[in-house]
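# Structural characterization, general
Here is what each chain is made of, one letter per residue.
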Amino acid sequence: GKHWATFTSSTRFETNQYVGVIRPLPGWEKRGLDKFSPGLSVFRQDLQQERTGKWGGDVHYCHIYTRIGACKWSDWEGQENDTHWEGRDDF
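Quick look at the structure, then.

What counts as what
- Residues numbered from 1 in each chain as written.
- Predicted model: local features only at pLDDT ≥ 70, side-chain atom pairs only at ≥ 80, totals over all residues.
- Heavy atoms only, no water.
- Helix = DSSP H or I, 4+ residues; strand = E, 2+ residues; numbered from the N terminus.
- Buried < 20%, exposed > 50% of the residue type's maximum accessible area, 1.4 Å probe, protein only.
- Contact = heavy atoms within 4.5 Å.
- Areas by Shrake-Rupley, 256 points an atom, 1.4 Å probe, with all protein chains shown as cover.
- Phe/Tyr/Trp six-rings, centres within 6.5 Å; stacked < 30°, edge-to-face > 60°.
- Lys NZ or Arg CZ within 6 Å of the ring centre and 35° of its normal.
- Pairing = 2+ DSSP bridges.
- Axes fitted to C-alpha atoms, helices over the stretch in contact; angles between N-to-C directions.

## A closer look at the overall build of the protein chain
A count of helical and extended segments in the protein chain gives one helix and four strands. Shown N-terminal to C-terminal, the secondary structure of the protein chain runs as helices and strands in the order β-α-β-β-β. By residue count, 25% of the 91 residues in the protein chain fall in the buried class. At a minimum sequence separation of 6, the contacts of the protein chain that also span at least 24 residues come to 37%. Counting every atom, the protein chain has about 7100 Å² of accessible surface; 49% of that belongs to carbon and sulfur.

## With respect to the packing of aromatic side chains
Scanning the model with the defined rule gives six aromatic pairs in all. Counting every residue linked through ring pairs, the aromatic cluster contains Trp28, Phe36 and Phe43. Taking the ring centre of Trp28 as reference, the NZ or CZ of Arg31 above it sits at 3.9 Å.

## Description of the sheet that holds strand β3 (residues 70-74)
Strand order across the open sheet formed by four strands is β1-β2-β3-β4, with antiparallel pairing between neighbours. Each edge of the sheet is formed by a strand with only one pairing partner; in this case those strands are β1 (18-22) and β4 (81-84). Geometrically, the sheet is characterised by an average inter-axis angle of 15° between neighbouring strands, direction not taken into account. In this sheet, β3 lies alongside strand β2 (residues 61-65) in antiparallel orientation, the contact comprising five bridges. Bridged to His63 within β3 is Lys72.

Right, here's the structure in full:
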């Protein structure tokens, strides 16, 4: 299926901003984590255990880094993938 996210920024894209989407992770808000990033390998095993039969495809989270136009994603099985965000220069 298609997914999209809409966000509003009160600052320019030249600042450090990450915007992303992730598969549903019920109960993770109760873990009391001080910091969390789905791209960090320390969380990979726990995130893999959240997989359900509804998770199709090979992208389980993705985010863009607005300052440099990087787009990163992963299936939590291997390395994080990245590419340049096409169209960033239009903003």
